[in-house]
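Chain by chain, the residues run as shown.
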Amino acid sequence: MTPQVLITVREQGNKVMESYLSRVEAAVQRPIEEQNKARKLASTPLDLTLRLLNLVADDYLDIRMPLTRRVEYWQQELLQGHRRFTRWHQLLQENMAFQQVENLCEEQIEALQELRDEIVDNYPHLRGKNVVKSRILF
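Given the structure is predicted, the values throughout are model-derived calculations rather than measurements.

Calculation criteria
Residues numbered from 1 in each chain as written. Predicted model: local features only at pLDDT ≥ 70, side-chain atom pairs only at ≥ 80, totals over all residues. Heavy atoms only, no water. Helix = DSSP H or I, 4+ residues; strand = E, 2+ residues; numbered from the N terminus. Expected span 1.5 Å × (residues − 1). Contact = heavy atoms within 4.5 Å. Polar contact = N/O pair within 3.5 Å; in protein donor to acceptor, adjacent residues only side chain to side chain. Axes fitted to C-alpha atoms, helices over the stretch in contact; angles between N-to-C directions. Parallel < 35°, antiparallel > 145°, perpendicular 65-115°, else oblique. Left-handed = near helix turned anticlockwise from the far one by under 90°. Nonpolar A, V, L, I, M, F, W, Y, C, P; charged D, E, K, R; others polar. Salt bridge = Lys/Arg side-chain N within 4 Å of Asp/Glu carboxyl O. Buried < 20%, exposed > 50% of the residue type's maximum accessible area, 1.4 Å probe, protein only.

**Q** Even after reading the chapter, I still don't get helix α1 (residues 15-29), so can you show me in this structure?
**A** For an α-helix, 3.6 residues make a turn, and residues three or four places apart therefore share a direction. Across its 15 residues, α1 extends 21 Å between first and last C-alpha, which sits within 8% of the 21 Å expected from 1.5 Å per residue. Elements in contact with the buried residues of α1: α2 (45-62). At the N-terminal boundary of α1, the capping side chain belongs to Asn14, with an oxygen 3.0 Å from the backbone nitrogen of Val16.

Structure, rendered in structure tokens:
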């Protein structure tokens, strides 16, 4: 990222990028006076980066509900009182899946933290902004 350009490397068919590009295309097709009314287009590479990261974070939030339901299911199975729990293998498999999601989320948090550090170190004119000043915590 430079003050004028954002270069991204992503796999083909990236849902986040396609979603954002379709928003930009829809905004550009509106008349000029309407283009920046509802949702402004990114004005800088940093602004674009933050918007894309926001979309990525939203995708991670979308997986929380199914994970929450799975945790609730296993809690009920473990806490049922009328019979002895015997599905330990399935429970351990589920735990491994949860750990994989947790590791993936930790990697994403580290990447966000690196971006934050990069912005603080190389974009001193942005240091006063609250977006960059605070640590990213999830």
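The discussion continues.
**Q** Help me out: how do you make sense of the packing of helix α3 (residues 64-79) against helix α4 (residues 88-122) in this one?
**A** Relative orientation and spacing of two packed helices are given, respectively, by the angle between their axes and the distance between those axes. One can describe the packing of α3 onto α4 by two numbers: an axis separation of 12 Å at closest approach and a directional angle of 150 degrees. By the criterion of interaxial angle, the relationship of α3 to α4 is roughly antiparallel. Two packed elements cross with a definite hand, and for α3 against α4 that hand is left-handed. Seen from α3, the contacting residues are Leu67, Arg70, Val71, Trp74 and Leu78; seen from α4, they are Trp88, Gln90, Leu91, Glu94, Ala97, Phe98 and Val101. In terms of residue class, the contact of α3 with α4 is made up of nine nonpolar, one polar and two charged.

**Q** Help me understand the pattern of salt bridges, please; the structure alone is not making it clear to me.
**A** Close approach of charged atoms allows side chains with opposite charge to pair. In total, this model carries four salt bridges according to the counting rule given. Among the ionic pairs, Asp47 bridges to Arg51, the shortest N-O distance being 3.0 Å. A residue pair is termed a helical-turn pair when its members lie 3 or 4 positions apart in one helix, as Asp47 and Arg51 do in helix α2 at four residues. For the salt bridge of Arg87 with Glu77, the shortest nitrogen-to-oxygen distance reads 3.3 Å. With Arg87 in the loop between α3 and α4 and Glu77 in helix α3, this residue pair connects regions lying 10 residues apart in the sequence. Here Glu77 falls in the buried class, since its relative accessible area comes to 14%.

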